[in-house]
Structures are given as structure tokens and as C-alpha cells.
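Structural characterization, general
Now for the letters of each chain:
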Amino acid sequence: MKGQINLEFLATAALFIFALGSILLSASTLLPTYTQGADRTSLHLESRSITNQLLSTSGRHTSGGGGTEWESNTNTINNTVELGLTDNTNSFLEVERDKVMALDTNGPGLTYIDFKDITDAKNQYLFNFTWMPTVDTTKSFQRGSPPPKITEPGNNNFLPYNVTDNKVHYGTILINGRDYRFLVTARDGVYNATYVSDNWDFSASSPLDEGSIFNVYGTNYQIEQISNREKDPGSLVILEKHLKEFGANIDSDSIVIKSNRYAVMENEPLRIEVWTW
Amino acid sequence: MVERKGLGYVIEMVVAIGTLIIFTLGQTPTEPVQDWNSFEKKTSARDLTYVLKQTGDAQRFVKNRQTGSLETAVQTFSDRNLEVSGTFLNLPLESTVIGFHTTAANRKTMNLVDGGGSCSGDLEEIQSEVDGTIKRTQSEEHGVTLYFGNSSSNIGTGYDSLWVDNGTECQFSDAEGPYFQEEFFKWGNSTNPSEYDYYDFKDVSGDSFSYYLANTAVNLKQVSGPRLNNIKTFLEFDTINVATANLSDYDIISFRGGSGVNDLDANNERVESFMSNNKGVIIIANLTEPDLDGDFMSKTGFRWMDLSFTGAISGTKFSDSIDSKQLETYYKGLEAGSISLPQGGKISSANSGTLTQENYLVSSQNGEYDTDQWNSTDYSMIETDPSTVTGEPDSTCYSSTADALTQATFSFETGSGTEDFNVLNVELGDTIPYCDDRDVRGVIIDRDKDGDYSDENLVLTGETITINERKYVPQPLPETGSREDGQALEFIYIGNNDIELVNYRTSFEGFQGSKIARIANADYNDDQHKLIASIIYWMTDDSLPFGDESESSTSTVMLGGVKNSTYMPYKVVLRWH
């Protein structure tokens, strides 16, 4: 007889509905994972594309006769049609300081809204620019017998110079047309302090350890790292100066990716941290 | 009926579910597979490689052997996200220890006695730095006494420090001490500045002071560093007795003079074992032909060239070989000028499989070996009926002209006399007009002297043949008024006839090893010493690894060059972790 509803039919139908429901439930958990993956892909790819553009082009404005020095003044900034940070020769990964400093989240420089409009970025961004000059302190002398040009530090009551290890490293770095002189001292084999001066007379200088801020010529720098690797301890001092934070506040409820790009600014390394969401 | 319907429902359900699953799986997109960490690491690695090069930091690290600073820089720039390891290539940056074998005559001992002798009561400078009694040498070298003490910083009780009173009458400048064991010191007299020698302070045992003559080591140390082309290098020099030293502590050992070569042969097994670990030997000696029969020298592969010269030996030149170019680069990097060198024996490096060295390391700018005596010529080759020859090559020219096949016996130099070979001189062609119009000839040599030429190679005019380790080109001489075609044939030696001044081998006939170099023994000036120093650099490993040796999925390469007195290219391979 046709159309009979019996026990077997009901059991079969119930099983079918159960199986269908399981499949739908599984699919519903897979989809968010997929969409998250797709979102991450989109974030990474756009971040890469935009940072490549910033680090390989000079940008362009249409003010006056046009040009690549979009950071020059308000007119050029307001008429920027392409955004790039490299110097005006379009040198890859060679960034110009003025262009970095012209980025200004809320103005008066090139604002974050301008950035979004010009680059047509679909996602949100936060950039952090940190300049990291390196000081070559390969040369050394025996404490107490410096080269004639060097006057050694005095003995600070808390951190006397005369109880540091015998080998003292020294070097100089030219930043913004000015010389910064460094002595690097060790204690028990670990180079942990540096003295900074604008000339070779360190008699009035106090020791600075990693993380300390110093101010010479009116600009603050941080002693980021003193090299203590086994093979050449004391031969390198890395400074750090935070230049600029530019972009939106991070939305921690979104998927946020972070990447680091690196470039050269005034012959010294520049680290660019990029958050994208 | 009902049971079959129930079973049917089950089957239909299973099929339906299976269909749904297949459809769903087919439509469900898979999660995009991408390792974004690796992606970002690669991007950062490329950026940092460029930055390190553009800022000049990489070049500074390479020039100063600062692998640690490179690792620190990467770690700091990346905010501890990245570590780097790798290798500096193509520069002699690896630390190298050279041991100079000292012959018995130059391994000296001298008795010590207590007290300051003529300086008694006047040795406060020394006494303030030592414990216990001061000793002095019982006799003198160059009219100068040495003083010994047990330095206060020394845990043991031995006499580990010495001072040289070089005529300054119990006054000791920094240059006069203290010198410690295994340090070089100058034993001389300030009243006669040219009278001195350098010695290596070996040991004080009881009242016996042992010391090795160290002039060679010190002279080379003074010209070889600490920088080559403004690149920091790391060479250590020591004097040794090859019979007793722990040779595994050294990368290169050197022997000087006839006595040195005798000691080399006497300790050949130790030296061969040393070389088997990819090490090098430098021989600074004038050699004679019998010297090449020594227990070690006979296995090196060096050969004797029994030839006279045309012209006089003067000046030096390098060849276009990679080894010679590298040596020349190091020589220029030491800012050396033009020099001349003695030959010190008619030695051929014979690396090329022939007696003479095709790509020499250093040869005389002027003068050459007179190799004409190695040529072999016959002007009276005899016309021969091909039917009387076994294994003659096919040629239609036999029926064209009687001189299409000639033969003669040629003598070839062996080094200890000559060796005769029968030679066929054949006109080749496959048509009579060809034979008439041209005169293409080839030669066949009966090397195995069995009278059968079928197992020998036909050598055409202009091709090269090697006979008794010498390269020749067979050159049939054309007919003249007094001779026919095919009647005259000359084997012309075409090997290199440059006079080598620095011999070298990179493979050996009796043992494994890295490199051997030989240069004459003479009283050398600074520039000549720089050439020997260049040989040391040439033997130095030109790769300097650093950091974690594990593999990495991300690597970059940086190319650069150091330009100072010469240009030295380098490569840095970086692995990112």
C-alpha cells in the first residue's frame, strides 16, 4: 500500500534529520574559521602592498607644477595624490625624515584620513617609526691609558669609573651633522655602561646603562643595546629614538596583525612597526 | 512486504545522507593555508639585509670579523623577533695558527742561576712583580742577560716571566718585559741595534731555560697583520718541534732550510697525518733533485725540471688562475711592492698532469726554461708502403702519392734520458682531388711499441699530444727544394716554460691534504716576507661561520667588497630564525 507511515519510515526520517542537522552544524563552525583566515589574508596582503608603496615611492602632489616633495607645505600636503616616504630619487627603502615627520594623525600635517583617502586602504592602520642609529665602538684602550684626545670620566660615587674592567671601548657617530662621542665600559666582563659627550672630554659624563635616555644637543636618545656577544663585546652600541606614531587606535576586538618593515634613514636603520586590522 | 519497505527506507536514507555529505564537502571552502609568520619573516629578512648593506654596518662587521655585532644588530633592530646566523665568505677571516718547525740547532737551552748578578740590588722593577727569587741566564746572547721570575699572578711556582736587559743596565722598559711563556721576545743589545734575534720563550724547568729561534715567525707576524686590506684577520704564530708538538693545534706548519726539509722527511708520517685533516704546509727551502726523493717530498708530486734558462730570473708575475689571482689580491692587500725572488731549485708544481705547470702561482717576470731541447724532429722520414704497416689509417691519398705515408723513429725526452717511438706521418683524404689539392696530415705514435697502429690515436696537425708528461704539437714541415711532403716532421713542445718561483700542490700522490707551497730560502726583506704572508692567507680558510648552525627556511645573500689597497669581494650568507 502506498504512503504508509510506519515505524521504519519514522526512524529513517529521524535519522536523516539528525544527519542533516549535524552537517549543518559542522558547516556553521567551519565558516567562521574560513572567514577569519580570509580576513587575515586580506590584512596581510593589503599591509604588504601599502608598505611597499610607502617604501618604494616618493609620493606625488599636484600643487603648483606638481612634484614629489609632498611634505613641503600645507598646499602640497593638501594636494597629495600619491603617498610615499622615500627620498626624491625614488630609492627603495631609503626614507626621508621630513616625509615621516609630515605624517600627523590629526593634523596639521598629512592626517590619517588623508592617508586612507590617498591609499584607498580598506583596513585600519597604525604605524610606529623608530630610528636606530648604530655606534661603532670597535676601538679600545686600557683604562688609565687613553689616547691623548680622550679625557676619562670622573668617579661617580655610585658607579665609579675606576673600578670598571681594564678594556674601554670608544667610538663616535655623526647624527644630523653633529658628533656624539661614546665610551663603553664593562664590569666583570659584561659591557653594561656607556658615557656620552659632544666632545672627547668625559670628565663630566655619568654612566648610562641600557634603557637610559641621554640628551646631547637638545635631542633625547635611548641606549637601546650594548653588544655583549662573546666574539666582539663592547664593539657596538645601538641607540633608539622614537620618531612618530601615526594612525588609528587599535581595535582589539578585531583581528589585528602586526608586521615589521625596515628602511634606511640618513644612513641609519629605521624600524617601522605596522598594525593592521 | 513491510520488511522490504523498511529496508528500502534505510537504504534511501543512507544514500541521501551520503549524497548530502559529498555535496556539502565539495562546496565547503577549505581554510586558506598560508604561513603568515614565514611570510612576514621573509619580508623582514629581505628588508634587513638591504638595510645592513646600505648603512655600511654589514661591511664594518665583515671587515672587523664582528659576527657577534651582526647578531646583536639584527636581534635589536627586530625587537628580538629575529635571530641571524650564517657565513662570511671569500675573505681569510678564519683564525689560523701557524707552527714554524725549529730544527735541533735552533732549539736551545741555557742554564739559569740565582740572583741578579751584575744587577743585584737593582732589580726592584722586576721584584715588585714576582714572588720569590729572581734567576738569570748563566751566559749571554748578544752580550745580554735575561732575568726570570714567578709572576705574582701565576698560581703555580714556575718561572713564567722573563725580562731582557738589553744593555740598559738593569732598567727595564715595557719592550724589555715581562714576556711570558709562548711569547716572542727580542734578545739583542741596544748598543748594537742590528745585532739581535727573536726567540720564543718555551719553558723553564728547574734551572734550565729552553727557547726556540723565532726570526721567521716574528718577521712574518710583523708584516701579515693585524689587518689585510683593512680587514681584521686573526693569525697566530708559534715555533714547534714537529716531532713532539700536538700538530692538531695548528692549521699550517712550515719548514725552513735544508735541515727543515730533512726533519720534514724524517717525520713524514706525522706530517701526512696532519695534512689529512685539510691542513697546509709551507716549505721555505732551496731544493736539489735528490731532495725530491725524500720520504715526504717524493709523495708531494713536485717534479724536477732538468732544463737551462734563456734570459735571467728577475721580477715576479702572477697567472690568471684562481689561486694565483687570490694570492695576488692578498699580496696587494698587504701593500707590498714589486719584488724579485730566487728560484731555489728547478721545481715544477706539475699540477696539470704534465711535467710543466700550466697555471703557475708565481713565476719569474723575465727568463724562461729553454724547452727547445725537448722538441723532436726528423727530416728524413721514409716513404712506406701501406701494405707493410699494421693498423695504418684509411686514406685514399695512398694511391695518389708515394709520400702519403712516411715513418721514422723519434726520440722524446724522459727526464732521465730519451725514449724512442715509431711514428707514422699520414696524408689524409677520401678523394684523389682532395689529396691533390690539400695536404692534410696526421701522425700516429706506436706508444706500446707492438708494431700495430690500430690501437693508437690519430693526431691531426695542430692537435695536442702528451708524451712523457710533456705536451707537443706535431707539425709536418712543408716540402722544399730538397725534401718532399711528408719527409719532415717536428714535435714542438708547447707546455708552459715559465720559471716558477713559488711552487704549489693541491693534490698529492701519496696522501690527502689541502695545500703545499714551496718558496726558496733566502734572507728576505719586508716585501718578500709579505709574499710568504700572502701564501699563509691563501692557505687560510676563507669562510667564517657564525651563529646557530641549524637549517632555516629563510635565507638571504649579501654581496659586497672591501676597497683599500686592493678590492676584495665578499659574500655574506644569512639564515634567519
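Note that this is a predicted model, so its numbers are computed, not measured.

Close reading of the predicted structure is inappropriate where its pLDDT is low. Confidence in the prediction for chain A averages 89 pLDDT; 94% of positions are at 70 or higher. Averaged over each element, pLDDT in chain A is lowest for helix α1 (residues 7-56) of chain A (80) and highest for strand β3 (residues 125-131) of chain A (97).

With that out of the way, let us pick up the sheet that holds strand β5 (residues 139-142) of chain A. Residue and element names in this part refer to chain A. Read across the open sheet, the 4 strands follow the order β5-β6-β7-β8; overall the sheet is antiparallel. Both edges of this open sheet fall to β5 and β8 (190-197), since each of them pairs with a single strand only. Across the sheet, the mean angle from the axis of one strand to that of its neighbour is 30 degrees, orientation sign disregarded. As paired strands, strand β7 (residues 178-187) and β8 are joined by 7 bridges and run antiparallel to one another. Considered in β8, the bridge of R187 is made with V190.

Across the contact, 48 residues belong to chain A and 49 residues belong to chain B. Interface of chain A and chain B: buried area, both sides summed, is about 4300 Å²; carbon and sulfur atoms make up 61% of it. Considering only the side of chain A, the residues that lose the most area to chain B are R48(A), R229(A) and Y262(A), jointly responsible for 16% of the buried surface there. Our count for the contact surface shared by chain A and chain B stands at 4 salt bridges. E71(B) is the partner of R229(A) in a salt bridge, and the nearest nitrogen-oxygen pair spans 3.2 Å. Mapped by element, the contributors of at least two residues to the side of chain A that touches chain B are α1, β4 (134-136), β10 (219-226), β11 (236-247), β12 (257-265) and β13 (268-276) of chain A. No other element matches α1(A), which puts 18 residues into the side of chain A that touches chain B. For the side of chain A that touches chain B, the residue count by class is 20 nonpolar, 15 polar and 13 charged.

With that out of the way, let us pick up the environment of K149(A). Residue and element names in this part refer to chain A. On the secondary structure map, K149 appears in the loop between β5 and β6 (167-175). Taking C-alpha positions, K149 is 8.0 Å from D201, a pair spaced 52 residues apart along the chain. The contacts of K149, once residues within four sequence positions are left out, are Y170 and W200.

This next bit is on the pairing of strand β23 (residues 418-428) of chain B. Residue and element names in this part refer to chain B. As paired strands, strand β22 (residues 405-413) and β23 are joined by 9 bridges and run antiparallel to one another. Pairing of Q407 across the sheet is with L424, part of β23. Pairing geometry for β23 and strand β24 (residues 440-445), over 6 bridges, is antiparallel. Among the inter-strand pairings, V423 is bridged to a residue of β24, identified as I445.

Residue and element names in this part refer to chain B. Scanning the entire structure with this criterion turns up 2 disulfides over all chains. The residue that forms a disulfide with C119 is C170, at a sulfur-sulfur distance of 1.9 Å. Between C119 and C170, the disulfide has an S-S torsion of -90 degrees and is therefore left-handed. Residue C119 is located in the loop between β3 (107-114) and α5 (124-127), and its partner C170 is located in the loop between β6 (161-165) and β7 (179-180); the two are separated by 51 residues in the primary sequence. Here C119 and C170 have matching classes, each one buried. A disulfide bridge connects C397 with C435, and the sulfur atoms are separated by 1.9 Å. Across the S-S bond of C397 and C435 the torsion is about -85 degrees, and the bridge reads as left-handed. Placement of the pair is C397 in the loop between β21 (382-383) and β22 and C435 in helix α10 (residues 432-437), with a sequence separation of 38 residues. In chain B, the bonded cysteines, numbered by position in the sequence, are linked as 1-2, 3-4.

Rules of the game
- The residue count restarts for each chain, going from 1 along the sequence in the order it is written.
- Ligands are numbered from 1 and chains lettered from A, in the order in which they are written.
- Only residues with pLDDT of at least 70 are given local features in this predicted model, and only at 80 or more are side-chain atom pairs given and counted; all residues enter the totals for whole chains, interfaces and linings.
- Derived side-chain values reflect all non-hydrogen atoms in the structure, with water molecules and hydrogen atoms excluded from consideration.
- Confidence of the predictor at the level of single residues is given by pLDDT, which spans 0 to 100.
- Secondary structure is summarised from DSSP: a helix means a run of H or I of at least four residues, a strand means a run of E of at least two, and numbering begins at the N terminus for each.
- At least two bridges found by DSSP between two strands is the condition for calling them paired.
- Here, axes are lines fitted to C-alpha atoms. For helices the fit covers the stretch in contact, and angles between N-to-C directions go from 0 to 180 degrees.
- By definition, residues are in contact when any of their heavy atoms lie within 4.5 Å.
- By convention, the term buried area covers the 1.4 Å-probe accessible surface removed from two parts as they join, with the contributions of both added.
- Salt bridges are identified by distance alone: a Lys or Arg side-chain nitrogen within 4 Å of an Asp or Glu carboxyl oxygen.
- All amino acids are sorted into three groups, where Ala, Val, Leu, Ile, Met, Phe, Trp, Tyr, Cys and Pro are nonpolar, Asp, Glu, Lys and Arg are charged, and the leftover types, Gly among them, are polar.
- Throughout, a disulfide means two cysteine sulfur atoms within 2.5 Å of one another.
- Any residue under 20% of the maximum accessible area for its type is buried, any over 50% is exposed, and the rest in between are partly exposed; the area is computed with a 1.4 Å probe on protein chains only.

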